[in-house]
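Listed below are the residues making up each chain.
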Amino acid sequence: MSDMNPALETFSQEVDELLTAMEEALLGLEGAPDDADCINSIFRAMHTIKGSSGLFGFDDVVAFTHEAETVLDRVRNGERLIDAELISVLLACKDHTAQLIQHVLFNEGEPLPEALQQQNQALIVRLTGVPAAGGMPSTQEEKADHFEVDPNTSNSSDNWVISLAFKKDALRNGMDPLSFIRYLQTLGKIIEVIITMPALPRIEDMVPEDCYLNFKIAFNSSADKKTIEDVFEFAEDDCDIHILPPNSRQEHYVQLLANLPEDQVKRLGEMLVEIGALTEKEVANTLHEQREDDDAEAKPLGERLVEKNILQQPVIEQALKKQEAVKQKINKESNYIRVDAAKLGYLINLVGELVISGAAMRLMVDKHGLSDVDDVASTMSHLVEDIRDTALQLRMVQIGETFTRFQRVVHDVSKELGKQIQLQITGGESELDKTVVEKINDPLTHLVRNSLDHGIESPEVRVRAGKPEKGTIQLNAYHDSGRIVIQISDDGKGLDPERIVAKAIAKGLIKPDQVLSKSEIYSLIFEPGLSTKEEASNLSGRGVGMDVVKRNIEALRGSVSVDSELGQGTSVTIHLPLTLAIIDGFMVEAQQERYIIPLSMVEECVEMNSDEWQIDDVQHYVNLRGQVLPYLRLGDFFHNNKKHTRTERESLVVVRFGEAKAGFVVDELHGENQTVIKPLGKLFENLDGIGGATVLGSGDVALILDVQGLIHHAKKRANPALALLSGV
């Protein structure tokens, strides 16, 4: 892709976006097959890809997308019903189009491989029922299809109204008004002809060669307006001609305007000509009259068309509405620009260094007592905070886009498994760092597939259990204490604790006499090699994956837990940081070493007073206002080979992660600190309880604590009181 010219790169990006939108719309049609917006979105995708491909001479893409576009146009016009089979074919067409685009972009000028050609033919047969003729239809054929209306929809009260006002010299110039009326009969049926005459002069003033006849004709035909207008082509200089469409055509024009691709929304007259509601001659004549009027009296084009009985008001209103909607969208899109992710990452790194430099400056001001620059330093600190927040916001994206991709996964896998499953998405507007979104995609995919395969039962089993035939998987996201929580829930059969324990004992993961809480039992599914499924499938059942899911989530400084009810369903909850670059931290000190705790996880800080509190230094818990709170001395934990000299005054930092709380005992509190997260490197990256490091303003390095990892590590060291924090 990097070797492409910029135009092709833009083309490739636009095609990706269009195909993604097409897939989302197709999946949306499963639940609402009559959704006009989804149908229009699918049509626009194929139409735009076809037009753009034509600009680059990608004839194979043009030929295939034209077939799909033709079928979609019939769907838009109500001539073909959308059903599960057509949705499935169109999804395959979407995938095939992506393959065609990849081929023409990277194999310029080369013919399609045999496999792609066969796939091409097979999909066209499934779409149309006939083999592809090859090539792209002519413009005339396209327009004929575009404006064709089923003549069976016409009736005696739904006719074209043609007004012919012949000028005085029409007969003198050789015009025969009746010949035009006779020729009309070759295009349809004349229902009625009404002869009208202007105010006639006195009999003695009449000129035999002058024409005093006007006609109003009710005409029933399936021909389009341009074809009818061409009947009077040679009379246009000697006759004022107005052709008013029937009511059925009015509704047709309104629908065509609503479905008109956005790249074809131009000036009012051009739009109306494009859909066949006006002819170019009508537009030209009306604009000419408009220019001849004084500016003060000039009426808008739409108003003139209605006034002259050329077009109905609803058609004009729909055209103006379409114009305004596209104008607003263009204005909105002009507010956005595409930025290279590498450039954005470099900006975040620079902001991180700026945060460190700002902290160093503040340290120097405080150290040397530079009161005259204190205000300047404070102002700069606030500006740095604003720059930091703004820079991080640039990389924040809504998780809804990631959630939406699973619509296709659920659709395809449920068909493969013979199950009926729907996906419900909530909280898609929740934002988090783009890098987190990219890295969480694989774990989410595995969890969704597990729900599809392990969780949701077959329709027959669900009916016997008193459940609806169609199962439900829910993806939900929300913010909580500066972190994002993602939940994957299903209403399936749930987890069987007894089977999990039996498997764990068989695998040697636990002892037969070991007593575990419900949460601890469910946490066993994240152990390598443990699966409760009797037979492995191409989706799951080999005991591989859930341990990787947990490891990947923890690599993002996150945590994962499971809750389930046998026969009711399972819920997996993931806690993740909003960003991996810069956080608000809380700096503490223990054993003359400084540590950073993510500020969003700090609940409160209290003095550790053994005289007033009930403190158990053996089992490491404290009675905090009636609540049993496990605690960990950071000095003992990180310096367990040193003799720890406790200070006279210790503080307890209460942290919260999910629903659980714990306390860290420290020697000193240093308060809030803007923390730039630096990786520890390969040698130290797997240290339990450490999530990274940061450089302080003094140049010293402080470790950033991984709260979940610390507690988990402490539990493994057989600290009994911490068993209360199940699921951590």
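Residues numbered from 1 in each chain as written. Predicted model: local features only at pLDDT ≥ 70, side-chain atom pairs only at ≥ 80, totals over all residues. Heavy atoms only, no water.

## Considering the overall build of the protein chain
Next up, step 1: Helix and strand counts for the protein chain come out as 23 helices and 22 strands.
Next up, step 2: Considering the protein chain as a whole, with its 728 residues, one finds that 44% of them fall into the buried category. (Helix = DSSP H or I, 4+ residues; strand = E, 2+ residues; numbered from the N terminus. Buried < 20%, exposed > 50% of the residue type's maximum accessible area, 1.4 Å probe, protein only.)

## As for the nonpolar core
Next up, step 1: Judged by nonpolar contacts, the single largest core of 42 residues is most densely connected at L444, L452, I486, I488, I500, I574 and L576.
Next up, step 2: Of the residues forming this core, the biggest block, seven residues, is contributed by helix α17 (residues 434-455).
Next up, step 3: Excluding anything up to four places from it in sequence, L444 contacts T402, F403, F406, I486, I488 and I574.
Next up, step 4: With 39 residues, the next largest nonpolar core counts I49, F58, V71 and I87 among its residues. (Core = buried A, V, L, I, M, F, W, Y, C linked by side-chain atoms within 4.5 Å. Contact = heavy atoms within 4.5 Å.)

## A closer look at the pairing of strand β9 (residues 483-490)
Next up, step 1: Extensive coverage of β9 is indicated by the burial of seven of its eight residues.
Next up, step 2: In this sheet, β9 lies alongside strand β8 (residues 471-480) in antiparallel orientation, the contact comprising eight bridges. By the bridge assignment, A477 is partnered in β9 with I486.
Next up, step 3: Sheet topology note: the β9/strand β11 (residues 569-577) ladder contains eight bridges and is antiparallel. Bridged to I488 within β11 is V572. (Pairing = 2+ DSSP bridges.)

## Description of the side chain of R408
Next up, step 1: Inspection of the secondary structure puts R408 in helix α16 (residues 400-417).
Next up, step 2: Only 2.7 Å separates the side chain of R408 from the side chain of E23, close enough to count as a polar contact. (Polar contact = N/O pair within 3.5 Å; in protein donor to acceptor, adjacent residues only side chain to side chain.)

## Section: the sheet that holds β9
Next up, step 1: Taken in spatial order, the five strands make up an open sheet running β6-β8-β9-β11-β10, and their pairing is mixed. Only two strands of the sheet have a single neighbouring strand rather than two, namely β6 (421-426) and β10 (559-565). The sheet shows a mean angle of 15° between the axes of neighbouring strands, direction not considered.
Next up, step 2: Direction of pairing for β10 relative to β11: antiparallel, over a ladder of seven bridges. Its bridge partner lying in β11, E565 is registered against G569.
Next up, step 3: Along the sheet, α16 makes contact with β6, β8 and β9, crossing β6 at roughly 170°. (Axes fitted to C-alpha atoms, helices over the stretch in contact; angles between N-to-C directions.)

## Quick look at the environment of K507
Next up, step 1: Here K507 is to be found in the loop between α19 (497-506) and α20 (518-523).
Next up, step 2: K507 sits in the exposed class, given a relative accessible area of 51%.
Next up, step 3: C-alpha separation for the pair K507 and G529, spaced 22 residues apart in sequence, amounts to 8.1 Å.

## Some details on helix α5 (residues 114-128)
Next up, step 1: Look at α5: 21 Å from first C-alpha to last across 15 residues, which is about the 21 Å you get at 1.5 Å a residue.
Next up, step 2: For α5, the set of buried residues is L116, N120, L123, I124 and L127. Down the axis of α5, the sector holding all buried residues measures 100°, keeping them to one side. Facing away from the buried side of α5, by more than 90 degrees, are the exposed residues E114 and A115.
Next up, step 3: Of the residues one or two after α5, G129 is the one with positive phi, at around 85°. (Expected span 1.5 Å × (residues − 1). Arc of directions from axis to C-beta.)

## What to know about the sheet that holds strand β21 (residues 690-695)
Next up, step 1: Taken in spatial order, the five strands line up as β20-β12-β13-β22-β21 in an open sheet, and their pairing is mixed. In this open sheet, the two strands that pair with only one neighbour each are β20 (668-676) and β21. Strand-to-strand twist in this sheet, taken as the mean axis angle between neighbours without regard to direction, amounts to 35°.
Next up, step 2: Both strand β13 (residues 593-598) and strand β22 (residues 701-705) contribute to a ladder of two bridges, which runs parallel. Considered in β22, the bridge of Y595 is made with L703.
Next up, step 3: With respect to the sheet, helix α14 (residues 341-368) is in contact with β12 (582-590), β20 and β21, its orientation differing from that of β20 by roughly 150°.

## Focus: helix α7 (residues 177-184)
Next up, step 1: If you check which residues of α7 are buried, you get P177, F180, I181 and L184. In a view along the axis of α7, the buried residues occupy a sector of 100°, so they form one face of it.

## Concerning the packing of α14 against helix α15 (residues 374-394)
Next up, step 1: For the pair α14 and α15, interaxial distance at closest approach is 10 Å and the crossing angle is 160°. Relative to α15, the element α14 lies roughly antiparallel. Handedness of the crossing formed by α14 with α15: left-handed. Touching L344, L347, I348, V351, L354, V355, M361, R362, V365 and D366 of α14 are D374, A377, S378, M380, V384, I387, R388, A391, L392 and L394, all from α15.
Next up, step 2: Here the contact of α14 with α15 is built from residues that sort into 15 nonpolar, one polar and four charged. (Parallel < 35°, antiparallel > 145°, perpendicular 65-115°, else oblique. Left-handed = near helix turned anticlockwise from the far one by under 90°. Nonpolar A, V, L, I, M, F, W, Y, C, P; charged D, E, K, R; others polar.)

## Examining unusual backbone geometry
Next up, step 1: Phi at Q591 is positive, roughly 55°, even though this residue is not glycine.
Next up, step 2: With respect to the helices and strands, Q591 occurs in the loop between β12 and β13.
Next up, step 3: Assessed through its relative accessible area of 17%, Q591 is described here as buried.
Next up, step 4: Despite not being glycine, Q592 shows a phi value in the positive range, around 65°.
Next up, step 5: Considering the arrangement of structural elements, one finds Q592 in the loop between β12 and β13.

## Describing the confidence of the model for the protein chain
Next up, step 1: On average, residues of the protein chain score 78 in pLDDT, and 82% of them reach the 70 mark or higher.
Next up, step 2: Across residues 132-156, where pLDDT falls below 50, the model places 33 contacts with residues more than four positions away in sequence or in other chains.
Next up, step 3: Predicted confidence is poor over residues 718-728, with pLDDT under 50, and the contacts of this stretch with residues over four places away or in other chains come to 35 contacts. (pLDDT = per-residue confidence, 0-100.)

## Considerations on the packing of aromatic side chains
Next up, step 1: By the definition in use, this model includes four aromatic pairs.
Next up, step 2: Seen in terms of ring centroids, Y595 and F638 are 5.0 Å apart; in terms of plane orientation they differ by 20°. Their pairing is stacked. Remark: F638 occurs in helix α22 (residues 634-638) and Y595 occurs in strand β13; sequence separation between them is 43 residues.
Next up, step 3: Cluster of aromatic residues (ring-pair linked, three or more members): Y595, F637 and F638. (Phe/Tyr/Trp six-rings, centres within 6.5 Å; stacked < 30°, edge-to-face > 60°.)

## Structural notes on the pattern of salt bridges
Next up, step 1: Within the structure shown, the criterion is met by 24 salt bridges.
Next up, step 2: Note that E23 is salt-bridged to R408, the shortest N-O span being 2.7 Å. One end of the pair, E23, is in helix α1 (residues 6-31); the other, R408, is in helix α16, and 385 residues separate them in sequence.
Next up, step 3: For E23, a relative accessible area of 14% puts it in the buried group.
Next up, step 4: With relative accessibility at 12%, the residue R408 sits in the buried group.
Next up, step 5: In this structure, the salt-bridge partner of R126 is E85, at a minimum N-O distance of 3.5 Å. (Salt bridge = Lys/Arg side-chain N within 4 Å of Asp/Glu carboxyl O.)

## As for the environment of L687
Next up, step 1: You can see L687 is positioned in the loop between β20 and β21.
Next up, step 2: Residue L687 is classed as partly exposed on the basis of its relative accessible area, which comes to 43%.
Next up, step 3: In this structure, the C-alpha to C-alpha distance between L687 and G709, residues 22 residues apart in sequence, is 9.2 Å.

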